Amino acid sequence: VKSPSKLSPFASLASSNTTSESHQSVSDNGITTLRPPDSINQEMEKVATIVRSLQPTVHHYNSVIKAWAHDSDSISVARSRRWLSKLEDGPKNFDDSPDNLLIHTTLQPNDESYDLYLHSCSRGIGKKRHLLRERASEAEDILRYRMSLDAPSNIRPTTDSFNNVIRAWTRCRKDYSVADRVLNLVREMEGIHREVIMKEQHKGQIIEEEKWKLNIIPDSKTYTMAIDSWVIAASVKAEKWYSEQRSQIHNTRRKSHRDGNNVTIHNYENRQENEDGTAEMRNAEAIMEYIRDLEEFGHVDPGAALIAYNTILSGWARLANEFRPDNAKKSEALLYEMIELSESGKENCAPDVLSYNAVIKAWAKSKRLNSADRAEWWLRKMIDGTCQQQSVHTVRPNVNSFNLVMEAFLQLNDASRVEDLLREMDATDGVITPNSESFSKVIRAWTRNALNTSNHSLQSYSIENARRWLEELLQRESQGQSELGPAPELFSSILKSAATCHDDSESLLSVGQWTFWAMRDSRFGVNSLAYEWLLDIGLKVLASQKDNKRREDFLISLVEQCCRDGLLSVRFVKSLSSGRVFDEGWTAGERERICRQIFGDAPFPMHWSRNLCGRYSTPTPEDFCVAKQGYLSEE
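What counts, and at which threshold
- Every chain's residues receive numbers from 1 upward, in the order its sequence appears when written.
- Totals for whole chains, interfaces and linings use every residue, but because this is a predicted model, local features are given only for residues with pLDDT of at least 70 and side-chain atom pairs only at 80 or more, for both listing and counting.
- To get the side-chain values, all heavy atoms of the structure are used, and hydrogens and water are removed first.
- Salt bridge, as used here, is a side-chain nitrogen of Lys or Arg placed within 4 Å of a carboxyl oxygen of Asp or Glu.
- Secondary structure elements follow DSSP: runs of H or I of four or more residues count as helices, runs of E of two or more count as strands, with numbering from the N terminus.
- Exposed residues in this analysis have more than 50% of their type's maximum accessible area, buried residues have under 20%, and partly exposed residues fall in between, with area computed by a 1.4 Å probe over protein chains only.
- Helix span is expected to be 1.5 Å times the residue number reduced by one.
- By construction, the arc corresponds to the directions joining the helix axis to the C-beta atoms.
- Should any heavy atoms of two residues lie within 4.5 Å, those residues are counted as being in contact.
- Working definition of a nonpolar core: buried Ala, Val, Leu, Ile, Met, Phe, Trp, Tyr and Cys residues. They are joined through side-chain atoms within 4.5 Å.
- Note on aromatic contacts: the rings of Phe and Tyr and the six-membered ring of Trp form a pair at centre separations within 6.5 Å, being stacked when their planes are under 30 degrees apart, edge-to-face when over 60 apart, and tilted otherwise.
- To sit over a ring, a charge needs its Lys NZ or Arg CZ within 6 Å of the ring centre and within 35 degrees of the ring normal.

### Thoughts on the pattern of salt bridges
And step 1. What the rule picks out here adds up to 45 salt bridges.
And step 2. A salt bridge links E437 to K441, with the shortest nitrogen-to-oxygen separation between them at 3.5 Å. In this pair, E437 and K441 are both assigned in helix α17 (residues 436-451), four residues apart and thus about one turn of the helix distant.
And step 3. Given the relative accessible area of 37%, E437 is considered partly exposed.
And step 4. A salt bridge links E552 to R593; the shortest N-O distance between them is 3.3 Å. Taken together, the positions of E552 in helix α22 (residues 548-564) and R593 in helix α24 (residues 588-599) put the pair 41 residues apart, joining distant regions of the chain.
And step 5. Residue class for R593 comes out partly exposed when judged on its relative accessible area of 36%.
And step 6. In the salt-bridge network here, residues are joined through shared partners; they are E376, R380, R417, D420 and E424.

Pasting the structure below:
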């Protein structure tokens, strides 16, 4: 309190401090001062007590730290750290009261304060890798301090403290060293617990300073996170191995093509388990077996086994790819094991929808001829079990189950089956509602099908189907289904497919124009690529002589709109001024005439490209020059 005049208790006491009511005292230096009588001192102590009661306590600080620790805002970790630092700053003195009345408070963080902050660090807020690693390192440093001899006894860690630090490390999903760090912490927990138990058995009692070690016991959460750490390590190693295999195949094929040799690649697979993540998955399975042994003696939570199984299933799904089709079989065998255990009476091992989805995902990533059929078989097993109630442990599929099977058929370029699965979800009358990802997979399946077929009529048919499903998605969004909405890549994929396919039918231009204006009217807007692809579509479809007037109107309108939007790019100009020409219709002479009519002479306005990023995207005066000799189409 900085203004004594606003404190009526202090002001009244100070005004009553007269010479007649005061006591004199002589200090050591001989100066006579006035000392309030005992009654006034008592009143001042009462006022100080009231003021002290209004100061925040550790409980109030912990409430603020807890609020930030459970908040999802990106600044939540920094804010919880700030309030913990306020407690760590030490004692606070409020010496602004009149008559030098000292109000002294001592606030220090307790175990709850640190555990709340560790929980905040363990939530994995944000996507920057270095931030996640820094928070995990800070959490472990705090844990080390709390176990040190210099730390106060009221901040000693517990099992939850260790688990929060382990959880913080498992948020670093791209760090291979996570497994070693987590394993060291788990072993340290086991060592602390083993040490205190042995001391208790030999000496009969434990000294007060070491009783906190009795609270350090690895639980089911500890071991399941240890499994997750090995899955992380396996995923990091498998991703690196997969990239190396793809690069090796690419380089070999490029070399054979350059040398003119037809080389067939047989032994490109490196089957060393210590290189593709298989060895790390074996370590994870060993921990799962240990959890099952502990479960037999009732030392872990009943649900630990299911979490452990699902974590390992997700790991095998991550490792599955076209080079490792056997990983899908491993996940499938693990699911069969869960089903057998549940049917034998161990209900805590009964698989849930996450278990089935992991196996479906593993088959979808295998990219084998039977992978989509196996993925659908497991989907049908869930559906049939739910409808017929053949087992007490029935599992209902969700939209993610369907999406994973759709992805499996998408990888095999079977767009019809992808569309059938979406229609099947629609037929459930809201039991399983397709989401934006479901529509995205159907649209991607049809655009990919258009590029992978040599039949021109099928190309336009596939692109029209993709456009039709995009229109359906936009219509459902406009009808109030807020959970549905397109991504900008869906518009781009349709335009790009229509521009790059070999078909030149009239329907392609209709699809391209509809998609372009739908993208322009959406919340995303168009970009320079959209203009470039629409230009390619128009020049391809309107290349004949009978379309000279339509082509001219189309080009003038498109270029004017592109310049108004400030998106005139180098590629757009070069496609128009130096692109493909024909013997009749869109000839070299017609191209030169149109370019001069549209662009005119230099200098060209800079605002035509004002919304482009990058200096190489902006056309130069040389780019507007019409090529003197274009290449002619082959008859």
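### Remarks on α24
The α-helix winds at 3.6 residues per turn, so residues separated by three or four positions along the chain end up facing the same way.
And step 1. The end-to-end C-alpha distance of α24, which contains twelve residues, comes to 16 Å, matching closely the 16 Å that a straight helix rising 1.5 Å per residue would cover.
And step 2. Within α24, burial applies to E590, R591, I594, C595, I598 and F599. One side of α24 carries all its buried residues, which in axial view fall inside an arc of 135 degrees.
And step 3. Looking at the buried residues of α24, the elements they touch are α22 and α23 (570-577).
And step 4. Following α24 by one or two positions, G600 has its phi on the positive side, about 75 degrees.

### Let's talk about the nonpolar core
And step 1. By size, the foremost hydrophobic cluster in this structure holds 158 residues, and its most contacted members are I227, L555, L568, L576 and F599.
And step 2. With eleven residues, the top contributor of residues to this core is helix α9 (residues 220-259).
And step 3. For I227, the contacting residues outside a window of four places in its chain are A284, I287, M288, I291, A308, T311 and I312.

### Description of unusual backbone geometry
And step 1. The phi dihedral of K367 falls on the positive side, at around 55 degrees, and the residue is not glycine.
And step 2. If you trace the backbone, K367 turns up in the loop between α13 (353-366) and α14 (371-388).
And step 3. Residue classification places K367 among the partly exposed residues on the basis of a relative accessible area of 37%.
And step 4. Even without being a glycine, N413 presents a positive backbone phi close to 60 degrees.
And step 5. On the secondary structure map, N413 appears in the loop between α15 (399-411) and α16 (415-426).

### With respect to the packing of aromatic side chains
And step 1. Under the defined criterion, the tally for this structure stands at 14 aromatic pairs.
And step 2. Ring geometry for W241 versus F323: centroids 6.2 Å apart, planes at 85 degrees, classification edge-to-face. With W241 in helix α9 and F323 in the loop between α11 (304-319) and α12 (326-343), this residue pair connects regions lying 82 residues apart in the sequence. One exposure class covers both W241 and F323, and it is buried.
And step 3. Between W377 and W378 the ring centres are 4.9 Å apart and the planes differ by 90 degrees, which places this aromatic pair in the edge-to-face class.
And step 4. Look at W377 and you get partly exposed, because its relative accessible area is 37%.
And step 5. W378 sits in the buried class, given a relative accessible area of 0%.
And step 6. Ring pairs connect the aromatic residues Y336, Y356, W377 and W378, which therefore count as one cluster.
And step 7. For R81, the ring lying beneath its charged end belongs to Y117, and the centroid distance is 5.1 Å.
And step 8. Above the ring of W514, the side-chain terminus of R467 is found at 4.9 Å from the ring centroid.

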